[in-house]
Amino acid sequence: MTIRELIKKTEAELSEVAIPNFISDIKALVAFSLQTSLAQLYAMQEDEVNFNLEQYWALISEYKNGKPLQQITNRQYFYGNEFYVDSNVLIPRYETEELVDYINVIIDDRKTKKPGPLTLIDIGTGSGAIAISIGLENPDLKIYASDISEPALRVTQKNLTKLECQNVELLQGNMLEPFIKEKIKADILVCNPPYIPKQQKISARVKDYEPHVALFGGEDGLFFYHEIFKNWEKVMKEDGILCFEHGYDQKRQLEKLVRDYFPKKKYKFTKDVNKKWRMLFIYLL
Ligand SMILES: C[S@@+](CC[C@H](N)C(=O)[O-])C[C@H]1O[C@@H](n2cnc3c(N)ncnc32)[C@H](O)[C@@H]1O
């Protein structure tokens, strides 16, 4: 059987299961089984299959049962780098790359307007996607990244080593506590907190496979924003910036909170590439 025939056969096998993007996922799983890249796979369509088909169908069966592609291959591309991911961390999402982009612009702007060392904290770092991507782009920045989950931090450490990122230090603990304990004062705070409301229905692929500590943000999904809005002064320099990702339908509630907690501060909400409200920036000066 050729690679092309195997792909067709797998497509037929999965056609009755409603999995978005399953055709591109199948190609990714074939490339994974061949230990090659997607680009190479296209050049190998007429080659005979030379890997263990039993193992391949076992992967397809896991996929069919709901396991995300990224947890099968243990990889997710984010901001141009291949991150290791497993069931202990949220699979980094493409929308979050946009947050990283905005923060890189903020950093450049800060460097021009106020030269000198800059410190960034990333709360709930998970795989380290945000902290490591920013760290690699800005090797002169000092970054502290935290998570409450020790298994998640083991994944972050793995990615720090894999991607040779030198300027990110890891801290374990609840929200701002480790930063307060270490007396860290930051210029930029980043947080993509768990923001799904507790009762919200979400796809089984997410609910059954991704860690709940990374998903749910209390009754209304806003628990972690409250926590930071209440206590930011303990960890921020007075001219700092707070940067958040949030759910596409949370702008209205979040804006009310921002007005309550920061009546005199400037803030900005930004949409993602899908035209959904996704990011919030609060200027503390
Ligand atoms: C939505 S995930 C974001 C992961 C990563 N920053 C990203 O953008 O892909 C939220 C992260 O917050 C962590 N977390 C949950 N509760 C926390 C808490 N009380 N203190 C610190 N981190 C927490 C979770 O373990 C998870 O890694």
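Residues numbered from 1 in each chain as written. Predicted model: local features only at pLDDT ≥ 70, side-chain atom pairs only at ≥ 80, totals over all residues. Heavy atoms only, no water.

You'll find the protein chain entered in an unreviewed UniProt entry as Release factor glutamine methyltransferase, with Spiroplasma syrphidicola EA-1 given as the organism. In its Sequence similarities (unreviewed entry) section, the UniProt record describing the protein chain reads: "Belongs to the protein N5-glutamine methyltransferase family. PrmC subfamily." Under the Catalytic activity (unreviewed entry) heading, UniProt states for the protein chain: "L-glutaminyl-[peptide chain release factor] + S-adenosyl-L-methionine = N(5)-methyl-L-glutaminyl-[peptide chain release factor] + S-adenosyl-L-homocysteine + H(+)". (UniProt positions renumbered as here; feature names shortened; annotations may be inferred.)

Peer 1: Which parts of the structure should I look at to understand the site of the ligand?
Peer 2: Around the ligand sit 19 residues, and of these G124, D147, N174, M175 and N192 come closest. Contact distances for the ligand include 2.6 Å between an oxygen atom and a side-chain N or O atom of D147. Between the ligand and N174, the relevant distance is 2.7 Å, taken from a nitrogen atom to a side-chain nitrogen or oxygen of the residue. In isolation the ligand has 600 Å² of accessible area, and contact with the protein removes 96% of it. Class assignment for the residues of the shell around the ligand results in 10 nonpolar, eight polar and one charged. (Near = heavy atom within 4 Å. Polar contact = N/O pair within 3.5 Å; in protein donor to acceptor, adjacent residues only side chain to side chain. Areas by Shrake-Rupley, 256 points an atom, 1.4 Å probe, with all protein chains shown as cover. Nonpolar A, V, L, I, M, F, W, Y, C, P; charged D, E, K, R; others polar.)

Peer 1: Help me out: how do you make sense of the sheet that holds strand 7 (residues 236–245) in this one?
Peer 2: Sheet architecture is open: seven strands sit in the order 5-4-3-6-7-9-8, paired in mixed fashion. Strands at the two margins of the open sheet, each flanked by one partner only, are strand 5 (168–172) and strand 8 (266–271). Strand-to-strand twist of the sheet, defined as the mean angle between neighbouring strand axes without regard to direction, takes the value 15 degrees. The strands touched by helix 6 (residues 94–113) within the sheet are strand 3 (119–123), strand 6 (186–191), strand 7, strand 8 and strand 9 (277–283), with strand 7 carrying the most contacts at an inclination of about 160 degrees. The sheet contacts of helix 12 (residues 251–261) involve strand 8 and strand 9, and relative to strand 8 the element is tilted by about 170 degrees. (Pairing = 2+ DSSP bridges. Helix = DSSP H or I, 4+ residues; strand = E, 2+ residues; numbered from the N terminus. Axes fitted to C-alpha atoms, helices over the stretch in contact; angles between N-to-C directions. Contact = heavy atoms within 4.5 Å.)

Peer 1: Before we go on, may I ask you to explain helix 2 (residues 22–33) in this structure?
Peer 2: An α-helical segment advances 3.6 residues per turn. Residues three or four places apart therefore align on the same side. Over its 12 residues, helix 2 runs 16 Å from end to end, which matches the ideal 16 Å to within 8%, given 1.5 Å per residue. Taken residue by residue, helix 2 has F22, D25, I26, A28, L29, V30, A31 and S33 as its buried positions. Residues of helix 2 that are buried in the fold lie against helix 1 (3–14), helix 3 (38–43), helix 4 (53–64) and helix 5 (69–73). (Expected span 1.5 Å × (residues − 1). Buried < 20%, exposed > 50% of the residue type's maximum accessible area, 1.4 Å probe, protein only.)

Peer 1: Honestly, the pairing of strand 8 in this entry has me stumped. Any pointers?
Peer 2: Side chains on a regular strand alternate between the two faces of the sheet. With six bridges connecting them, strand 8 and strand 9 associate as antiparallel partners. The residue bridging F269 from the neighbouring strand is L280, located in strand 9. Between strand 8 and strand 9, which pair antiparallel one after the other, the connecting turn spans five residues, and K275 there sits at a positive phi close to 65 degrees.

Peer 1: Even after reading the chapter, I still don't get the environment of Y102, so can you show me in this structure?
Peer 2: Along the chain, the position of Y102 falls in helix 6. Overall, Y102 belongs to the partly exposed group, its relative accessible area being 31%. For the pair Y102 and C243, spaced 141 residues apart in sequence, the C-alpha separation works out to 9.1 Å. The contacts of Y102, once residues within four sequence positions are left out, are T270, K271, M279 and F281.

Peer 1: Looking at this structure, I do not really get the side chain of Q70. What am I missing?
Peer 2: When you line up the elements, Q70 lands in helix 5. Given the relative accessible area of 18%, Q70 is considered buried. Once you skip the residues sitting within four places of it in the chain, Q70 turns out to touch R75, Q76, V85 and I91.

Peer 1: Looking at this structure, how should I read unusual backbone geometry?
Peer 2: Glycine aside, residues mostly have negative phi, and peptide bonds are mostly found in the trans state. Non-glycine residue N21 carries a positive phi angle of around 65 degrees. Relative to the helices and strands, N21 resides in the loop between helix 1 and helix 2. Non-glycine residue K275 carries a positive phi angle of around 65 degrees.

Peer 1: Looking at this structure, how should I read the packing of helix 1 against helix 2?
Peer 2: Between two packed helices, the angle of one axis relative to the other and the distance separating the axes together describe the packing. Running from N to C, helix 1 and helix 2 cross one another at 135 degrees; their axes reach a closest spacing of 10 Å. Judged on the interaxial angle alone, helix 2 and helix 1 are oblique. In the crossing of helix 1 with helix 2, the sense of the turn from one axis to the other is right-handed. Between helix 1 and helix 2, the contacting residues are I3, L6, I7, T10, E11 and L14 on the first element and F22, I23, I26, K27 and V30 on the second. For the contact of helix 1 with helix 2, the class distribution of residues is eight nonpolar, one polar and two charged. (Parallel < 35°, antiparallel > 145°, perpendicular 65-115°, else oblique. Left-handed = near helix turned anticlockwise from the far one by under 90°.)

Peer 1: Would you take a moment to explain the packing of aromatic side chains for this structure?
Peer 2: Geometrically, a pair of aromatic rings is defined through the distance of the ring centres and the angle of the planes. Applying the stated rule across the entire model yields 12 aromatic pairs. Ring centres 5.7 Å apart and planes at 65 degrees place the aromatic pair F229 and Y261 in the edge-to-face group. Highlighted residues: F229 in helix 11 (residues 223–231) and Y261 in helix 12, separated in sequence by 32 residues. For F229, a relative accessible area of 2% puts it in the buried group. Aromatic ring contacts, followed pair by pair, group Y225, F229, W232, F244, Y261 and F262 into a single cluster. (Phe/Tyr/Trp six-rings, centres within 6.5 Å; stacked < 30°, edge-to-face > 60°.)

Peer 1: It is not clear to me how the domain arrangement of the protein chain should be interpreted in this structure. Could you clarify?
Peer 2: For an interface, size is often stated in terms of accessible area lost upon the parts coming together. By the assigned domains, the protein chain splits into domain 1 (3–65) and domain 2 (77–283). Summarising the inter-unit geometry, the C-alpha centres of domain 1 and domain 2 are found 34 Å apart. (Domains from an automatic or database assignment.)

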